[in-house]
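Fold and geometry: a report
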Amino acid sequence: DGCHDARARAAGLTLAPLPTEHYDAAYEALVALGNRSRNGFRYVDVTGASARGSWLIERILGEELDAPAELPPTGPHRGSPPLSDEALGALIRWIESGATWCAGDCT
């Protein structure tokens, strides 16, 4: 169990790989429409493929970049256990390559 699993849903974000009609709950939550990230997305700027414009990256780094929403004053949220630099780099590359859906082994 974790902070963003299907039961806990910390901050309303579920990152569990629960199947949905099209993708899974985690992917659909990350690319949902909203006003925190650039181009009308909640967590990840898919249209602009911009990690700097993604509120998720700002939240993880605890640093204001180019996303329109202000960060909470709590500082970085690297997770528990903390997100490694390698995992953060992979997340940034995924966003900047268009945050496309990938099921299974996509390396």
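Presented here is a report on the structure given in the accompanying data block. (Residues numbered from 1 in each chain as written. Predicted model: local features only at pLDDT ≥ 70, side-chain atom pairs only at ≥ 80, totals over all residues. Heavy atoms only, no water.)

1. As for the overall build of the protein
Of the regular secondary structure elements, the protein holds three helices and zero strands. Ordered by position from the N terminus, the helices and strands of the protein form the series α-α-α. Expressed as a percentage of the 107 residues in the protein, the buried residues total 33%. Across the protein, the fraction of contacts at a sequence separation of at least 24, relative to all contacts at a separation of at least 6, is 29%. Put simply, the protein shows about 6,600 Å² of open surface, and 53% of that area lies on carbon and sulfur atoms. (Helix = DSSP H or I, 4+ residues; strand = E, 2+ residues; numbered from the N terminus. Buried < 20%, exposed > 50% of the residue type's maximum accessible area, 1.4 Å probe, protein only. Contact = heavy atoms within 4.5 Å. Areas by Shrake-Rupley, 256 points an atom, 1.4 Å probe, with all protein chains shown as cover.)

2. Re the packing of aromatic side chains
Considering all chains together, one arrives at five aromatic pairs under this definition. With 5.3 Å between their ring centres and 65° between their planes, Tyr 27 and Trp 101 make a pair best called edge-to-face. You can see Tyr 27 sitting in helix H1 (residues 25–30) and its partner Trp 101 sitting in the segment after helix H3 (85–96), a full 74 residues away along the chain. In this structure Tyr 27 comes out as buried when scored by relative accessible area, which is 13%. Sitting above the plane of the Trp 55 ring, Arg 36 keeps its charged end 4.5 Å from the centroid. (Phe/Tyr/Trp six-rings, centres within 6.5 Å; stacked < 30°, edge-to-face > 60°. Lys NZ or Arg CZ within 6 Å of the ring centre and 35° of its normal.)

3. Points about unusual backbone geometry
Even without glycine at this site, Asn 39 takes up a positive phi of about 65°. With respect to the helices and strands, the residue Asn 39 is situated in the loop between H1 and helix H2 (55–61). What makes Asn 39 partly exposed here is its relative accessible area of 46%. In the Ramachandran plot, Ala 99 falls in the positive-phi region, its phi being about 50° despite a non-glycine side chain. Mapped onto the elements, Ala 99 comes out in the segment after H3.

4. Notes on the nonpolar core
If you look at the biggest cluster of nonpolar residues, it comprises 18 residues, and the most contacted ones within it are Tyr 43, Val 44, Leu 56 and Ile 57. Going through the elements one at a time, H1, H2 and H3 are the ones with two or more residues in this core. The element contributing the most residues to this core is H2, with four residues. (Core = buried A, V, L, I, M, F, W, Y, C linked by side-chain atoms within 4.5 Å.)

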